[in-house]
Amino acid sequence: MPESVLDCLVIGGGPAGLTAAIYLARFRRRFQVVDAGRSRAALIPTSHNHAGFPEGIHGRTLLGRMTEQARRYGAHIVHGSVTHLEHRPDGVFIATVGSKRIAARTVLLATGVVDREPALPNVPDAIQRGLVRHCGICDGYEVLGKRVAVIGHSSSGLHEALFLRTYTFDVTLLSLGCPLTLSEQERRQAAEAGIGVVEEPVARVVIDGDHVRALSMRDGNHQSFDALYSALGSDARSDLVRGLGTDLDDKGCVVTDAHQRSSTDGLFAAGDVVRSLDQISVAMGQAAIAATAIHNRLRGVPSPDEAPDGTLSFSPQDLCTCCTPSEVR
Ligand SMILES: Cc1cc2nc3c(=O)[nH]c(=O)nc-3n(C[C@H](O)[C@H](O)[C@H](O)COP(=O)(O)OP(=O)(O)OC[C@H]3O[C@@H](n4cnc5c(N)ncnc54)[C@H](O)[C@@H]3O)c2cc1C
């Protein structure tokens, strides 16, 4: 029996992976999405900046709708975790999922990132209630004029604090006793912007009703905030491709070109795992580009199971040129 090789394996079923699934299904490609079910989007209480939803949309609802849309066109989405990925000399990728091995001509890595969470009890609940937040671009508008704390001890903490300062006068940077690695100039910037900086150890940060309270170790007093932003950073889920020698940047994000191609032939990446603005719309846009580039790369490779009448055996001239990158037309 000849080995069954998919056109594409999509690893990750967040906004990036599911967008790719919708496109690949409508391109009638043979592919599968394997998703471990830990999308950052599932943590979003209600997104108010995602275009097309004037009342806002819950992260899980968005993921559910995208899954339904992809399945409507026959997408095969399975729950599981890819634990190993290899690239054979013949160009075929072999992914390990539990006891199964999946062979594919191309792979789209859409595995996202993992946030480094502050050491607080029941962080998922605090995120759902909007008390702990991760992204001023996403929801800074919702803290207009409120008391806001930012946990961070490096430049990125200050940058988040300065960004939030455009929404409210009341911003405090909490380093939680970690040495603050700000330069003199950055400290001046914080002072000039009126950002409070608390460097002494905080005994505890607690969620108390609708507020976040930071208890000072020194005098036992507490400061109360309406929301706490974590600027502790995140880790790219790119370990799977380290073994392939794929180019990663200093943050571990996959380096891609304008068509979302990585340095490993046949491996594409989209969404947060690529260094860019970590937003749903960006993940979707990159996935649309990647899926189209994958389809164009595979043209002339029909999927017999899905197109028994050979409708995929077209020539490049038959392709829709409006969406085909000019250099592959
Ligand atoms: C609290 C919060 C609020 C946010 N609010 C907004 C907002 O309002 N607007 C906005 O635009 N953005 C918002 N974001 C950011 C947004 O959630 C992300 O930009 C988006 O989810 C990125 O999509 P993605 O598909 O790249 O990654 P993810 O959504 O993280 O999906 C990656 C998927 O890959 C899976 N996966 C990882 N490794 C493997 C593996 N080895 N095998 C199989 N599956 C794997 C994961 O389990 C996960 O399901 C928010 C983020 C957070 C945390």
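Rules used throughout
- Think of each chain on its own: its residues are numbered from 1, step by step along the sequence as written.
- Per-residue local features of the predicted model are confined to residues with pLDDT of at least 70, and side-chain atom pairs are confined, for both listing and counting, to 80 or more; whole-chain, interface and lining totals are unaffected and use all residues.
- The basis for every side-chain value is the complete set of heavy atoms in the structure, and neither hydrogens nor water enter the calculation.
- Every helix listed is a DSSP run of H or I at least four residues long, and every strand listed is a run of E at least two residues long, numbered separately from the N terminus.
- Working definition: with a 1.4 Å probe on protein chains only, accessible area under 20% of the residue-type maximum means buried, over 50% means exposed, and in between means partly exposed.
- Pairs of residues are marked as contacts when any of their non-hydrogen atoms sit within 4.5 Å.
- Only the protein chains shown count as cover for residues, and the accessible areas themselves come from Shrake-Rupley with a 1.4 Å probe.
- DSSP bridges decide pairing: two strands pair if at least two such bridges lie between them.
- Under this definition, polar contacts are N or O atom pairs within 3.5 Å; protein pairs additionally need one hydrogen-donor-capable and one acceptor-capable atom, and for neighbouring residues in sequence, both atoms have to be side-chain atoms.
- Definitions used throughout: a 1 Å grid over protein atoms alone; a cavity as a set of points that fits a 1.4 Å probe which cannot get out; a pocket as an open set with protein on both sides within 12 Å along at least five of seven lines; a lining residue as one with an atom within 4 Å of a point.
- Grid points are joined across faces, edges and corners, and a volume is the space filled by probe spheres set on the points.
- All amino acids are sorted into three groups, where Ala, Val, Leu, Ile, Met, Phe, Trp, Tyr, Cys and Pro are nonpolar, Asp, Glu, Lys and Arg are charged, and the leftover types, Gly among them, are polar.
- Exposure above 30% relative accessible area and the lack of any salt bridge qualify a residue for a patch; like charges then connect within 9 Å, and the nonpolar side chains Val, Leu, Ile, Met, Phe, Trp and Tyr within 5 Å.
- What counts as a salt bridge is simple: a side-chain nitrogen of Lys or Arg found within 4 Å of a carboxyl oxygen of Asp or Glu.

> Describe the overall build of the chain, naming the residues involved and giving the relevant values.
Within the chain, the regular secondary structure consists of eight helices and 17 strands. Across the 329 residues of the chain, 48% fall into the buried class. Contacts in the chain between residues at least 24 apart in sequence constitute 60% of all its contacts with a sequence separation of at least 6. Total accessible area on the chain is roughly 16,200 Å²; 52% of this is exposed by carbon and sulfur atoms.

> Give a detailed account of the pairing of strand S6 (residues 100-109), specifying residues and quantitative values.
With seven of 10 residues buried, S6 is to be regarded as a mostly interior element. Examined bridge by bridge, strand S1 (residues 5-11) and S6 share six bridges and lie parallel to one another. In the sheet register, leucine 9 faces S6, and the bridge partner there is valine 107. As paired elements, strand S5 (residues 93-97) and S6 share five bridges and run antiparallel to each other.

> Just give me the short version of the sheet that holds strand S8 (residues 132-133), but keep the residues and values in it.
Here we have five strands laid out as an open sheet, ordered S8-S15-S9-S10-S11, and parallel in their pairing. The outermost strands of the open sheet, each flanked by one partner alone, are S8 and strand S11 (196-198). Bridging between S8 and strand S15 (residues 227-230) involves two bridges; their strand directions are parallel. Looking at the pairing, arginine 133 lines up with tyrosine 229 of S15.

> If you had to explain the environment of phenylalanine 268 to someone new, which residues and values would you point to?
Its place among the elements puts phenylalanine 268 in strand S17 (residues 267-269). Residues phenylalanine 268 and alanine 110, spaced 158 residues apart in sequence, show a C-alpha to C-alpha distance of 8.7 Å. Setting aside anything within four residues of it in sequence, one finds phenylalanine 268 in contact with Thr106, Val107, Leu108, Leu109, His259, Gln260, Arg261, Ser262, Ala290, Ala293, Ile294 and Arg297.

> So what about the environment of serine 47? Which residues, and what values?
With respect to the helices and strands, the residue serine 47 is situated in the loop between strand S2 (31-35) and helix H2 (59-72). Residue serine 47 is classed as buried on the basis of its relative accessible area, which comes to 7%. For serine 47 and cysteine 138, which are 91 residues apart along the polypeptide, the C-alpha to C-alpha distance reads 7.2 Å. Dropping the residues within four chain positions of it, serine 47 is found in contact with Gly56 and Ile57. In terms of polar contacts, serine 47 uses its side chain to reach the side chain of asparagine 49, at 3.2 Å.

> Give a description of empty space enclosed by the protein that names residues and reports values.
Unoccupied space between atoms shows up once a probe the size of one water molecule is rolled over them. Taken as a whole and judged by the stated rule, the model has one cavity of 30 Å³ or more. Considered as a void within the structure, the largest cavity measures approximately 30 Å³ in volume. Lining of the largest cavity is provided by Ala41, Ile44, Ser47, Ile57, His58, Gly59, Leu62 and Ile280. The class makeup of the residues in the lining of the largest cavity is five nonpolar, three polar and no charged.

> Describe the side chain of serine 238, naming the residues involved and giving the relevant values.
Mapped onto the fold, serine 238 is located in the loop between strand S16 (234-236) and helix H7 (239-242). With relative accessibility at 0%, the residue serine 238 sits in the buried group. A polar atom in the side chain of serine 238 sits 2.5 Å from the backbone oxygen of glycine 252.

> Give a description of a nonpolar patch on the surface that names residues and reports values.
A contiguous nonpolar patch, built from Ile137, Phe163 and Leu277 and spanning about 250 Å² of accessible area, is present on the exposed surface. Summarising the element assignment, phenylalanine 163 is placed in helix H5 (residues 155-164).

> Got a sec to walk through the layout of surface pockets? Specific residues and values, please.
By volume, the second largest pocket is sized at about 290 Å³. Taken together, 16 residues form the lining of the second largest pocket, with Arg38, Ser39, Arg40, Leu43 and Glu117 sitting closest to its centre. Listing elements by their share of the lining of the second largest pocket, those giving two or more residues are strand S7 (113-115) and helix H3 (123-128). Looking at the lining of the second largest pocket residue by residue, the class counts come to seven nonpolar, three polar and six charged.

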